[in-house]
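Structural characterization, general
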Amino acid sequence: MSTTLLEIKIPAIFSVVPEIKILLKNINLSIPKTGLHALIGSSGSGKSLFFSILTGTKFKSVLIDKKASITVNDDLVLSMDEYNSFIKRKKFFYLFIDQNYNQALDENLTVRENILLLNKQITIEEINSIFNEFNLTTKILYSKIKEISGGQLQRFVLITTLLLPKTPELIILDEVTSALDYENEVIIWKILTKISKKCSIIVTTHNLNLAVFFANSFFTIKNKEVNLVFREDDE
Amino acid sequence: MNKKIATFRIDKIISKGETIISNIFLEIFDKELIGIFGSSGVGKTLLLKQLSEYKDKINFLPQNPSEMINPYRTIKDLLFETGAKKSFIEQLVVECELTGVLNLAFSKCSGGQKHRIAILRTLLTDNKLIYIFDEPLAALDFKNKEIILKLFDKVLKESKHTKSIIISTHDLFTIIPFIDKTLELTSNGLIKREISLFKDVVKTYEFLIKEPIDLSPEKIEARIILLNQLKTFLTED
């Protein structure tokens, strides 16, 4: 069975206004089907551009080299245009989560009602078992989103990814841990480690100290290039 | 060894009728940077507040310090009114990467800049023996943390006066290269912990994660090397 989710080959990405300028170049990366992958780079290094490519979001006045391709699940090679329409037709299921993600939840409804909005078929047993797995008390099911604590909300946001009718193939997390204290951040990394056994997760973070012990691979983004600098050997 | 500048003995600290901490014994030496860590709720802030009662010796900066600063004053005014030597202030402004904002009002600065300004201002008030900072590294990114730790280091080394700094923090990994003494606060006193970057990184990690580390020694070593590579990568800009 193949272990690669995405194989990304992009010779160059340009901006065209006000002048032609290279934004990212020589991208040649593979993203495995599972695991926790950290993307490290300072602000303004091109992380959001890279994510917009992965999520098929069109940037205005950005040109992608025609030779660019993304291979999905090993056998399906797509040009960038094909990849974007492939995503639109929901043939590849990703989630993008940043600090504003909890706005996607309805804060006046209870946690349970929000779960039912995401997945009508889910049973209370399934919800209980996932909450138990992630040490989240089922008491909060009947509290409104706006009444639960910040730490609980953050944990709930992450486990909603497993409460959907279909598990996403890729989850992108942009700086979700940056406002947390150390103890809550550790809890989040533990949750991500568990979720990453079922799908592939890309995270950006400033806290390298924790990331190095949790992530399975590391990409850096600097001087317009994205490089793999560390990948755990297969065990 | 540097000279001892203070000894604190506190039998117990009581809050809302309950004894929270007992048997505090703390010796402080000149030029020392002391880190106090411990689980959430053990009483770090309570202890620091208790120590700061000795106002003639101690300058205390609580958490979220920027709330106490007049937002309309310029950074230049805020720093130069401390009375510290002009050349020293100028040198530390460069160290804290604040040169570009000197003429701005405090309210116009970014969160990280505000934090650095509040800390720098406290350190420049040069008439105290001991400076205490409650969680000065909380909610900062890696670069801001390093700037602040280097500032502490520089002030201790270059100040001609007797001085030492105590900070409380959760972030053991970041402080290890800078700190002279690490003390763990428990409900029954302060326990000295010897922590050095390479040797004890696993212990530190296990303390934070509260689980044994699930990697072979070779893999741990590879990750510590990676950690240092990535830190260099982020600071080299």
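Model, not experiment: these values are computed from the prediction. (Residues numbered from 1 in each chain as written. Chains lettered and ligands numbered in written order. Predicted model: local features only at pLDDT ≥ 70, side-chain atom pairs only at ≥ 80, totals over all residues.)

What about the overall build of chain B?
When helices and strands are tallied, chain B shows eight helices and eight strands. Each of the 237 residues in chain B was classed as buried or not, and the buried ones make up 31%. Restricting to contacts in chain B with at least 6 residues of sequence separation, those with at least 24 account for 73%. (Helix = DSSP H or I, 4+ residues; strand = E, 2+ residues; numbered from the N terminus. Buried ≥ 20, exposed ≤ 12 C-beta atoms within 10 Å, placed from the backbone. Contact = placed C-beta atoms within 7 Å.)

Some remarks on the sheet that holds strand 6 (residues 164–168) of chain B
Residues and elements named next belong to chain B. An order of 4-5-6-3-7-8 is seen for the six strands of this open sheet, with the pairing classed as mixed. In this open sheet, the two edge strands, each paired with only one partner strand, are strand 4 (58–61) and strand 8 (189–193). Along the sheet, successive strands turn relative to each other by an average axial angle of 20°, direction set aside. Note: strand 3 (residues 33–37) against strand 7 (residues 181–186), four bridges, orientation parallel. (Pairing = 2+ DSSP bridges. Axes fitted to C-alpha atoms, helices over the stretch in contact; angles between N-to-C directions.)

Side note on the nonpolar core
Nonpolar side chains in soluble globular proteins generally cluster together in the buried interior. Ranked by internal contacts, the top residues of the largest apolar core, which has 50 residues, are Leu192 and Ile201 of chain A. For this core, the leading source of residues is helix 6 (residues 182–195) of chain A, giving seven residues. When near neighbours in sequence (up to four residues on either side) are disregarded, leucine 192 of chain A contacts Leu36, Leu158, Ile201 and Val203 of chain A. Of all hydrophobic cores here, the second largest spans 46 residues; its members include Leu33, Leu47, Ile179 and Leu183 of chain B. (Core = buried A, V, L, I, M, F, W, Y, C linked by C-beta atoms within 7 Å.)

Regarding unusual backbone geometry
Most peptide bonds take the trans form, and the phi angle of most residues other than glycine is negative. All names here are of chain A. Note the cis peptide between valine 17 and proline 18, where omega equals -5°. You can see proline 18 is positioned in the loop between strand 1 (4–15) and strand 2 (21–32). If you check the backbone angles, asparagine 73 has positive phi at about 50° while not being a glycine. In this structure, asparagine 73 sits in the loop between strand 5 (69–72) and strand 6 (76–79).

Some thoughts on the interface of chain A and chain B
Of the residues lining the interface, 16 residues belong to chain A; the matching set on chain B comes to 20 residues. Counting residues per element, the ones that place at least two in the side of chain A that touches chain B are helix 6, helix 7 (208–214) and strand 10 (217–222) of chain A. In terms of residue count, helix 7 of chain A provides more of the side of chain A that touches chain B than any other element does, four residues in total. A breakdown of the residues in the side of chain A that touches chain B according to their chemical character gives nine nonpolar, four polar and three charged. (Nonpolar A, V, L, I, M, F, W, Y, C, P; charged D, E, K, R; others polar.)

Describing the pairing of strand 11 (residues 225–231) of chain A
As judged from the six bridges shared by strand 10 of chain A and strand 11 of chain A, these two strands associate in the antiparallel manner. Residue phenylalanine 219 of chain A lies in a different strand from strand 11 of chain A, and its bridge partner there is leucine 228 of chain A.

Focus on the environment of glycine 44 of chain A
Relative to the helices and strands, glycine 44 of chain A resides in the loop between strand 3 (35–40) and helix 1 (47–54). Distance in space between the C-alpha atoms of glycine 44 of chain A and lysine 222 of chain A is 9.5 Å, their sequence separation being 178 residues.

Section: helix 1 (residues 44–51) of chain B
Within the span of helix 1 of chain B, buried status applies to Lys44, Leu47, Leu48 and Leu51 of chain B. For helix 1 of chain B, the arc enclosing every buried residue in end-on projection is 95°, short of the 170-degree limit, so these residues lie on one face. (Arc of directions from axis to C-beta.)

Points about the environment of isoleucine 13 of chain B
All names here are of chain B. Within the element layout of this structure, isoleucine 13 appears in strand 1 (residues 4–15). Exposure remark for isoleucine 13: the 16 C-beta atoms within 10 Å place this residue in the partly exposed category. Taking the C-alpha atoms as reference points, isoleucine 13 and asparagine 23, separated by ten residues in sequence, lie 9.1 Å from one another.

A short note on the confidence of the model for chain B
The pLDDT averaged across chain B works out to 85; a share of 92% of its residues lies at or above 70. Note on the complex model: pTM 0.69, ipTM 0.81. (pLDDT = per-residue confidence, 0-100.)

Here we look at the packing of helix 4 (residues 111–124) of chain B against helix 5 (residues 142–158) of chain B
All names here are of chain B. Between helix 4 and helix 5, the shortest axis-to-axis distance is 11 Å and the interhelical angle comes to 10°. Between helix 4 and helix 5, the angle falls in the class roughly parallel. Of the residues in helix 5, those touching helix 4 at Gly112, His115, Arg116, Ile119, Leu120 and Leu123 are Asn144, Ile147, Ile148, Leu151 and Val155. Here the residues of the contact of helix 4 with helix 5 are counted per class, giving seven nonpolar, three polar and one charged. (Parallel < 35°, antiparallel > 145°, perpendicular 65-115°, else oblique.)

Details of the environment of glutamine 113 of chain B
Residue and element names in this part refer to chain B. Within the secondary structure, glutamine 113 is located in helix 4. A residue is classified by how many C-beta atoms lie within 10 Å of it, and glutamine 113, with 20 of them, is buried. For glutamine 113 and asparagine 144, which are 31 residues apart along the polypeptide, the C-alpha to C-alpha distance reads 8.5 Å.

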